[in-house]
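Here is how the chains run, residue by residue.
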Amino acid sequence: MKRRTIVLITFFAVLSLAFAGWGLAQTKLAPKGDAVWDFLKKADYAKKWKMWPDSKPMHKGVDPHGALLNVYVNAAALKGIAAKKGKLPVDSMVVIDNFTADKKLASIGVMYKVKGYNPSDGDWFWAQYTPDGKVDQEGKIDECIRCHAAQKTNDYVYSSKLK
């Protein structure tokens, strides 16, 4: 009787954990432009997220980004930057507000690391938005991947060394 009770308890415990894991997987942010934008708006990234360490507000940008940039990172990315392991962890998000020389917001760029999304190119989902949040480009954007491939050994990131 005791053995049967232990087996049943173990079975239900494993079943509960499986459903809990499934539920967590279902709440992950999908690599879709509209979903990412909605997430960023709710997160209020420009006010609540940290800027990339050692970057200054409105620092000088380079083409194709704006003349001036603000680079924000979520908690996962911030932790990965501090760890100095050479790669940012899954769920890292880097948001670049691109401004004109006269400090007018021109576009918003996003790098979002999604496990298994694009293994050959660092698993990054890329998105570009207009200032009002309309998706301009999203997904495996060739222009982004080609340019950032020069930093493949730094996890496709230009802002600073990750190791």
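Throughout, a residue's number is its position along its own chain's written sequence, starting from 1. Predicted model: local features are reported for residues with pLDDT of at least 70 only, side-chain atom pairs are reported and counted for 80 or more only, and whole-chain, interface and lining totals are derived from all residues. With hydrogens and water excluded, all non-hydrogen atoms of the structure serve as input to the side-chain values.

Moving on: the pairing of strand β6 (residues 124–129). Residues in a regular strand point their side chains to alternate faces of the sheet. A 1.4 Å probe rolled over the protein chains alone gives each residue an accessible area, and that area as a share of the maximum for its type sets the label: buried under 20%, exposed over 50%, partly exposed in between. Put simply, DSSP marks the helices as runs of H or I at least four residues long and the strands as runs of E at least two long, and each gets a number from the N terminus on. The element β6 is largely enclosed, with a buried count of six among its six residues. A two-sided burial pattern is seen for β6, the buried positions comprising Trp124, Trp126 and Gln128 on one face and Phe125, Ala127 and Tyr129 on the other. Two strands are counted as paired when DSSP detects at least two bridges linking them. In terms of strand pairing, strand β5 (residues 105–113) meets β6 through six bridges, oriented antiparallel. Of the residues in β6, the one forming a bridge with lysine 113 is tryptophan 124. Pairing of β6 with strand β7 (residues 135–139) involves four bridges; the strand directions are antiparallel. Note on β7: the bridge partner recorded for alanine 127 is glutamate 138. Taken together, β6 and the strand that follows it, β7, pair antiparallel across an intervening segment of five residues, in which glycine 133 is found at a positive phi of about 95°.

Let us now look at the pattern of salt bridges. Salt bridge criterion: a side-chain nitrogen from Lys or Arg within 4 Å of a carboxyl oxygen from Asp or Glu. Under the criterion given, the structure shown has three salt bridges. With a shortest N-O distance of 2.8 Å, aspartate 91 and lysine 28 are connected by a salt bridge. Taken together, the positions of aspartate 91 in the loop between α4 (75–83) and β4 (93–99) and lysine 28 in the loop between α1 (2–26) and α2 (33–43) put the pair 63 residues apart, joining distant regions of the chain. Between lysine 113 and aspartate 155 there is a salt bridge, and its shortest N-O distance comes to 2.7 Å. Residue lysine 113 is found in strand β5, and its partner aspartate 155 is found in the segment after α5 (142–148); the two are separated by 42 residues along the sequence.

This next bit is on α2. Gly33, Val36, Trp37, Leu40 and Ala43 are the residues of α2 that are buried. The arc enclosing the buried residues of α2, seen along the axis, measures out at 130°, which places them on a common side. Within α2, the exposed residues directed more than 90 degrees away from the buried face are Asp34, Lys41 and Lys42. The contact rule is simple, with two residues in contact once any of their heavy atoms fall within 4.5 Å. Looking at the packing, one finds that the buried side of α2 touches α3 (45–48), β4, β5, β6 and β7. Immediately beyond the C-terminal end of α2, within one or two residues, lies aspartate 44, with a positive phi of roughly 50°. When we speak of the arc, we mean the arc of directions from the helix axis to the C-beta atoms.

So, on to the environment of alanine 30. Its location among the elements puts alanine 30 in the loop between α1 and α2. For the pair alanine 30 and valine 114, spaced 84 residues apart in the sequence, the C-alpha separation amounts to 8.5 Å. Setting aside its immediate chain neighbours within four residues, alanine 30 contacts Ala35, Val36 and Tyr112.

Generally speaking, nonpolar side chains in soluble globular proteins are found buried as a group. Trp52, Leu88, Val94, Met111, Trp124, Trp126 and Val157 are the most contacted members of the largest nonpolar core, which has 18 residues in total. Of all elements in the fold, only β3 (68–73), α4, β4, β6 and α5 reach the threshold of two or more residues within this core. Apart from the residues within four sequence positions on either side, valine 94 is in contact with Trp52, Val71, Tyr72, Val73, Leu88, Gly109, Val110 and Met111. Grouping buried Ala, Val, Leu, Ile, Met, Phe, Trp, Tyr and Cys residues that are joined through side-chain atoms within 4.5 Å yields what is termed a nonpolar core. Counting 17 residues, the second-largest nonpolar core is a separate cluster that includes Val36, Ala43, Val95 and Phe125.

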